[in-house]
Amino acid sequence: MTGPNSLTLNDGKAGMQGLDKERINRIIRETSKGSKFFQHAEKKEKELKNKVDKMLKERGELTEQMIKQSELELDGVLARLESARDLTRDIVHVDMDAFYAAVEMRDNPALKDVPMAVGGSAMLSTSNYLARRFGVRAAMPGFIAKKLCPGLVIVPGHHEKYSAVSSQVMEIIGKFTSEFAAMSLDEVYCDLTDVVQNRTVSPEECPEHGEPPLFNNLNGSHTPNNDEVSKPGAARDEVSKPGLCWCRRERVVWNVVEEMRREIETTTQLTASAGLSCNTFLAKVCSDLNKPNGQYFLPSDRETIMDFVAELEIKKVPGIGRVQQAYLSALGVNKVSDLITHRGTLAHLFTPATVHSYLYTALGLGSNQVSSDEGRRSISTENTFSDTNVNTGNNKLTPEIVVMLSELSETLANRLKAENLAGETVSVKMKLATFEILQRSRTQSHAVSTKEEIEFTARELLCQLVKELLEIKPPGHRLSARLLGVRVNKFVTSTKQSSLLSFTRNSSSNSNKTWSCPVCGTCLPAQIVSFNKHVDSCIVKGDVVEPDNAMSEVKEAPNIIKPVSGLQQNHSDKGSGVSITLSSIKSGDMGASASDQRGKKRKSSEEGPALQKFIDKRWTCPICCKLVSSDLTTFNLHIDRCLNKGQQSQQSSSSDKRQRTDEQSEAGDQKQSLFKYFKRTS
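Residues numbered from 1 in each chain as written. Predicted model: local features only at pLDDT ≥ 70, side-chain atom pairs only at ≥ 80, totals over all residues. Heavy atoms only, no water.

1. A closer look at the overall build of the chain
Logical step 1: Scanning the chain for helices and strands turns up 28 helices and 16 strands.
Logical step 2: With 682 residues in all, the chain has 48% of them scored as buried.
Logical step 3: Long-range pairs, those at least 24 residues apart, make up 68% of the contacts in the chain between residues at least 6 apart in sequence.
Logical step 4: Total accessible area computed for the chain in this model is approximately 32,800 Å², and 48% of it derives from carbon and sulfur atoms. (Helix = DSSP H or I, 4+ residues; strand = E, 2+ residues; numbered from the N terminus. Buried < 20%, exposed > 50% of the residue type's maximum accessible area, 1.4 Å probe, protein only. Contact = heavy atoms within 4.5 Å. Areas by Shrake-Rupley, 256 points an atom, 1.4 Å probe, with all protein chains shown as cover.)

Below, the structure is given as structure tokens:
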């Protein structure tokens, strides 16, 4: 049987053990053969094979002495890692069972007794346990899943519904401990150390102290039978509870997690599984060992942990995917214990950071610090669909893609709002019809969180990506895609942001408001994209009016991400465009005087006299009314300092306003355009 190895069943998911892999793999390959999916998989398989062959050639050039020397050096690393082992924490990984599918079955009971999956014909997000018995799993194209299971029912996803249920689960976990970090909608790490300490009683107070264990199975291992696999959510027999008295932490943590899972099921009618151990790595591995609706406890004992990880398959290690598995398998590394055995060879073939992570895994070590601030590193959302044109004949984005990008941005903004987060980096991901995956990212000078901000940047990135692809294609070429995604990362909590936009933003709607062009003075509808295009065109024409006239009819500053394009070229060192929102930069010389700044040489204007007028002058701070260099970084840092010190000027009586100079009046009025703050001295 020929075909890419990537087109084989990955039976690592719970509920997929003991299947006829040969039959399933044959169906997958026969169904895929000749498709773009198959061609892409063949291409990637060939590339991987070439890389593996190159690695094996390098291994053949290693001498025994070189390997021995590396082993001795790594023995020192192992000793240092071992000395830092911490067995004192009680870490739990809670994982909802077949989450998306379970929510759909709860809301539509007719789906409970049939094999079903969530997704579409292009790709599945998840499947229930009945479908998994046919080899149907997440990240599988729907058309292949239908061949494996002709009776499969595929339902579309409802992300808002899943987010709402996830919020319920997080609220329940928050009742037990404040030390938890959500990794996704359906999985979360908890640190129950303090909870367990508070609930553990002394031997004198323990009603069961001195009694023999009720059960011999301390780790709570339980293999589900066929009936349990076919009936997700079926209640477990009480056969796996540790037989320890209440003065032992193992018994306490077990019961706390049972109580937590019970409350989750009572509230949401959904089941969760859990892994209990002393660090996040072991807890995550354990949470998959007793699914569905079960929990597994690995005692915090070094010898027990080393025995456990020694026999653990490499494919079960979180973070080791198909490609790394192929490299390691070629070197004879199939179990975690093999990482120690082959450490000398690995040191010459992988980066020091990768080798360090392998040794860390081989010792059963992992993080034992759980923090909500560190838990989520990025939030993303994506949509898989049938092949769809990306660009029109004139190389613009098609309406379908524009609408999809808008919906993804809105979903992402809602999730950021729910978690009180904002991120500085926005990324766009696109999978072409040929299954090539392309991505572009941009780091802003400020954190973004609203739909408008995310959509604006994502659209620019996608346009940039399409332009790059079309440059190597013949004229009139139409790109076709099957997946689109948007991601935000490099988080700051939204409550910590200080921005000029939030300083000037009015709580009422912009629907009936107008903004004034800072160049020509024309009043325009309060629409971000059209406003930016107008300002850009004015800058190019050089049609500048004096600020007093230009700002006379402004109602409110726009919620803008991108200012005039000319400024972007001269002042953006991140490639993201200069933002009116305050910079989040925390370092640099914020105290540079205006005279020092004037002494610096200015780049001669190549964009025309209009742009030169913006660059050569000083601007007035809207908070302290002092004149500051028109260098945007310096200007933003100055305003950051003013906001943080609470030096915002308060509006006083109308007589006080009349006593201000014209310069101060214009800069202090919060309802003037943002560009009004860039007041120029004569």
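Having seen the model, we can carry on.
2. A few points about helix α10 (residues 249-268)
Logical step 1: The end-to-end C-alpha distance of α10 is 29 Å, a good match for the 28 Å that 20 residues give at a rise of 1.5 Å each.
Logical step 2: Phi turns positive one or two residues past the end of α10, at Gln269, with a value near 60 degrees. (Expected span 1.5 Å × (residues − 1).)

3. Here's the deal with the pairing of strand β10 (residues 421-432)
Logical step 1: Across the twelve residues that make up β10, a large majority, eleven, are buried.
Logical step 2: Note that β10 and strand β11 (residues 437-448) share eight bridges and pair antiparallel. Bridge pairing in β11 places Val428 opposite Arg440.
Logical step 3: The turn linking β10 back onto β11 is made up of four residues, and Phe435 within it adopts a positive phi angle of 75 degrees. (Pairing = 2+ DSSP bridges.)

4. Focus on a negative patch on the surface
Logical step 1: A cluster of acidic side chains, namely Glu160, Glu407, Glu410 and Glu452, defines a negative patch on the protein surface.
Logical step 2: Tracing the backbone shows Glu410 in helix α18 (residues 399-418).
Logical step 3: Judged by its relative accessible area of 41%, Glu410 falls in the partly exposed class. (Patch = residues over 30% accessible without salt bridge, like charges linked within 9 Å, V, L, I, M, F, W, Y side chains within 5 Å. Salt bridge = Lys/Arg side-chain N within 4 Å of Asp/Glu carboxyl O. Lys, Arg positive; Asp, Glu negative; His and termini not counted. Charge placed at Lys NZ, Arg CZ, Asp CG, Glu CD.)

5. Quick look at the sheet that holds strand β3 (residues 124-127)
Logical step 1: If you walk across this open sheet you meet the three strands as β3-β2-β4, and the pairing is mixed. Each edge of the open sheet is held by one strand with a lone partner, namely β3 and β4 (153-155). Across this sheet, the average inter-strand angle for adjacent strands is 30 degrees, counted without regard to direction.
Logical step 2: Here helix α4 (residues 99-107) sits on the sheet and contacts β2 (116-119), β3 and β4; the angle it forms with β2, its principal contact strand, is near 110 degrees. (Axes fitted to C-alpha atoms, helices over the stretch in contact; angles between N-to-C directions.)

6. Quick word on the confidence of the model for the chain
Logical step 1: Scored by pLDDT, the chain has a mean of 75; 64% of the residues are at 70 or more.
Logical step 2: Ignoring residues within four places in sequence, the model shows residues 211-243, a span with pLDDT below 50, making 56 contacts including any to other chains.
Logical step 3: Scored below 50 in pLDDT, residues 543-616 makes 173 contacts in the model with residues more than four places away or belonging to other chains. (pLDDT = per-residue confidence, 0-100.)

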